[in-house]
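Letter by letter, the chains look like this.
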Amino acid sequence: MAAVPFAPVSHPSAASLISARGLTKRFGDFTAVDAIDFDVAPGESFGFLGPNGAGKTSTMRMIGCVSPISGGTLRVLGLDPAADGRRIRAQLGVVPQQDNLDTELTVRENLLIYARYFEIGGPDARRRADELLEFVQLADRAESEVEPLSGGLKRRLTIARALINEPTLILLDEPTTGLDPQARHLLWERLYQLKRRGATLVLTTHYMDEAEQLCDRLVVMDQAKIVAEGSPRELIERHVTREVLELRLPADDQAPLDGRFDGLEPLVERVEQRPDRVLLYTSDGEAAVERIHERGVRPESALIRRASLEDVFLRLTGRTLVD
Amino acid sequence: MTAPAPIRDFLVLPLPGMGARHLIERSVLVYRRIWLVLVSGFFEPLFYLLGIGFGLGAMVGSLPGPDGQPIPYQLFVAPALMATSAMNGAIYDSTFNIFFKLNFQRTYEGVLATPLGVVDVAIGEIAWALIRGTLYAIGFFVVMFVLGLVASPWAVLTIPAAMLIGFAFAAVGMAATTWMRKIQDFDLLALVQIPLFLFSATFFPLSTYPAELQTIVQLSPLYHGVELMRDLTLGHVGPWLLVHVAYLAALGALGLLVCSRRLGRLLLK
Ligand SMILES: Nc1ncnc2c1ncn2[C@@H]1O[C@H](COP(=O)(O)OP(=O)(O)O)[C@@H](O)[C@H]1O
Ligand SMILES: [Mg+2]
């Protein structure tokens, strides 16, 4: 495909596309987003990683100018959403958490009418619609109704729709939640294409692998607050060890750890007991396994893996991302 | 990090409200494939005209017209049914269809992520509903003309009058729909629509109602639509028509305002 499905920013060194200071969202007495600060630079792929209810969607809706802020300041594309919402929205591509495709229209009509909402019409709209259908590999379903499409195809159409106005900034709220692995990988590949061509992506997710694959930089959100910020690699280096030894103990051996893993420092930096397993954070998994064996611990299974953002989240909040 | 971000300067932003035309385009696109649904709505008032206007009319004979002169019953009923067809057409698309789009299809959430706003949505949807009402009224007018039930050249003004009736009912219908929580709530709609249809001086003159009820009838927006249509088709024209026009226009404007506010509250939380 020749056309670039988004508007490249002319001065990549320029200011942030989004800047939030003390950004807050309240619903009545409940605070869904609690005074968060962040900046998104042009060309960057920026993520909000956090479990359900962390406040990700509330934040995205404020950025998307469809939810008034309750406190702090927010600038999107240098403009104030309260005053210039229409002007900002004209330059956004939004993939909401829940698909809201027009089920009374066909696949292609969805793109054509969306183009009209952005004042794009005629041959321009048709050309873009066809290009985008190619881009998300839906060209053969152009005349199909929306309803019979699978979740993955609907998601792809929603992404195509979000690109119809060549957005400066693309907002994706949980782009692959609820999809099967195959559909998810195809979406990741398409989003990676956008990123590679220089698009600015802002996405939310509660999948650490998604965050690791797509985000140059991310913030970890929990209970309305940002608890950490950095690139996936930085976050892992800063908050957890390089490797994790996962032990599954026999079913009859679920007693408290009663010191069995004590005194393994500095080899084992930290021990985390989960309902079904014990995690040992270590710089050297092999060595840790040996030490455990020496102590006579006989786990059902022992798995050494690289530390992930999931471990970062566990470290910072004491809870898991996906329950 | 707070210097202005790059903005594309070739961006054209239409005035608020202008985006409404895209919602009308959307409706045209939707109905292009299900036009039969549109056609069916045309027949109901026609059946009333044949059944009641001509059937019952044969027994009633004539009754006093707006200026006191006796007129045949068909001539009395036909403009009222034209007003009703404008009302019904407007209500079809401003109630259940809006409910569906608002609560199940999330159509407007998609629309509001674009430069369009709640005012565009309210105007666009009300405009489409009034267009539908007007189409039915025009169809009905053609039938009236063919059957010789158009008594005055003033009757051409029944078309803009039908638009006004459509506007009032579409705006009020859509405003009411923003409060509907479940499909069963629409039973209430029938509870309002049927008495409106029967008791808005549609089938018998205002003077035949008991005095206490006359005041209530005069509050009915359809009553004002019916009177407007009747006077225009019979060429009984005077400044009092402006009262009907003002009442319907005010109701429509109020409904439009309420719709925009409510959509904002529901969708821009
Ligand atoms: N319209 C609303 N009214 C009241 N509470 C809300 C509303 N929207 C979200 N919340 C609450 O705010 C919190 C954060 O929600 P959300 O931003 O959707 O989180 P996430 O997207 O991270 O799952 C949740 O506890 C949710 O119940
Ligand atoms: Mg969410």
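Before any of the text, the structure's been laid out above.
Residues numbered from 1 in each chain as written. Chains lettered and ligands numbered in written order. Predicted model: local features only at pLDDT ≥ 70, side-chain atom pairs only at ≥ 80, totals over all residues. Heavy atoms only, no water.

J.: Residues and numbers for the packing of helix 5 (residues 151-162) of chain A against helix 6 (residues 181-196) of chain A, please.
T.: Residues and elements named next belong to chain A. Running from amino to carboxyl end, helix 5 crosses helix 6 at an angle of 15 degrees, the nearest separation of the two axes being 10 Å. By the angle between their axes, helix 5 is roughly parallel relative to helix 6. The element helix 5 and its partner helix 6 pack so that their crossing is right-handed. In this structure, helix 5 uses G152, R155, R156 and I159 to contact helix 6, whose residues at the interface are A183, L186, L187 and L191. For the contact of helix 5 with helix 6, a count of residues per class yields 5 nonpolar, 1 polar and 2 charged. (Axes fitted to C-alpha atoms, helices over the stretch in contact; angles between N-to-C directions. Helix = DSSP H or I, 4+ residues; strand = E, 2+ residues; numbered from the N terminus. Parallel < 35°, antiparallel > 145°, perpendicular 65-115°, else oblique. Left-handed = near helix turned anticlockwise from the far one by under 90°. Contact = heavy atoms within 4.5 Å. Nonpolar A, V, L, I, M, F, W, Y, C, P; charged D, E, K, R; others polar.)

J.: Account for the site of ligand 1, with residues named and values stated.
T.: Surveying the vicinity of ligand 1 reveals the residues F27, F30, A32, P51, N52, G53, A54, G55, K56, T57 and S58 of chain A together with K269 of chain B. At the site occupied by ligand 1, nearby residues are drawn from chains A and B. Within the backbone of G53 of chain A, a nitrogen or oxygen atom sits 2.6 Å from an oxygen atom of ligand 1. Taking S58 of chain A, its side chain carries an N or O atom lying 2.6 Å from an oxygen atom of ligand 1. (Near = heavy atom within 4 Å. Polar contact = N/O pair within 3.5 Å; in protein donor to acceptor, adjacent residues only side chain to side chain.)

J.: Any chance you could break down the packing of aromatic side chains for me, citing the residues and the numbers?
T.: Residues and elements named next belong to chain A. Taken as a whole, this structure holds 18 aromatic pairs over all chains when the rule is applied. Positioned above the aromatic ring of Y207, the side-chain terminus of R184 is 4.0 Å from the ring centre. Between R190 and the ring centre of F135, over which it is positioned, the NZ or CZ distance is 4.9 Å. (Phe/Tyr/Trp six-rings, centres within 6.5 Å; stacked < 30°, edge-to-face > 60°. Lys NZ or Arg CZ within 6 Å of the ring centre and 35° of its normal.)

J.: Which residues make up the nonpolar core, and what values go with them?
T.: All names here are of chain A. In terms of nonpolar packing, the biggest core is built from 156 residues, with I18, F38, L157, L169 and V202 touching the most fellow members. Residues lining this core come from more than one domain, with at least three contributed by each of domain 1 (18-236) and domain 2 (241-306). With residues up to four places along the chain from it excluded, the contact list for F38 reads I18, S19, A20, R21, L23, F46, F48, T59, I63 and I226. Counting residues in each nonpolar core, the second largest holds 13 residues, with V278, L280, I292 and V297 among its members. (Core = buried A, V, L, I, M, F, W, Y, C linked by side-chain atoms within 4.5 Å. Buried < 20%, exposed > 50% of the residue type's maximum accessible area, 1.4 Å probe, protein only. Domains from an automatic or database assignment.)

J.: Tell me about the layout of surface pockets, and please be specific about residues and values.
T.: Empty space left among the atoms is revealed by rolling a probe the size of a water molecule over them. As a volume, the largest pocket reaches approximately 810 Å³. T57, R61 and P96 of chain A together with R106 and E109 of chain B are, among the 36 residues lining the largest pocket, the residues nearest its centre. Elements with a contribution of two residues or more to the lining of the largest pocket: helix 1 (56-63), strand 5 (92-95) and strand 6 (169-173) of chain A together with helix 4 (96-105), helix 5 (107-112) and helix 11 (241-267) of chain B. The dominant element in the lining of the largest pocket, judged by the number of residues it contributes, is helix 1 of chain A, at 5 residues. (1 Å grid on protein atoms, 1.4 Å probe; cavity = no way out; pocket = protein on both sides within 12 Å on 5 of 7 lines; lining within 4 Å. Points joined across faces, edges and corners; volume = space filled by probe spheres on them.)

J.: Break down the sheet that holds strand 7 (residues 200-205) of chain A for me, with residues and values.
T.: All names here are of chain A. Spatial ordering of the open sheet is given by 5-6-7-3-8-9, a layout of 6 strands whose pairing is mixed. Two strands close off the open sheet at either side, each with one partner strand: strand 5 and strand 9 (225-230). This sheet shows a mean twist of 15 degrees between the axes of neighbouring strands, independent of strand direction. Here 5 bridges tie strand 6 to strand 7, and the two strands are oriented parallel to one another. When the sheet's bridge partners are listed, L171 is paired in strand 7 with V202. Against the sheet, helix 8 (residues 232-239) engages strand 8 (217-222) and strand 9, with an angle of about 105 degrees to strand 9. (Pairing = 2+ DSSP bridges.)

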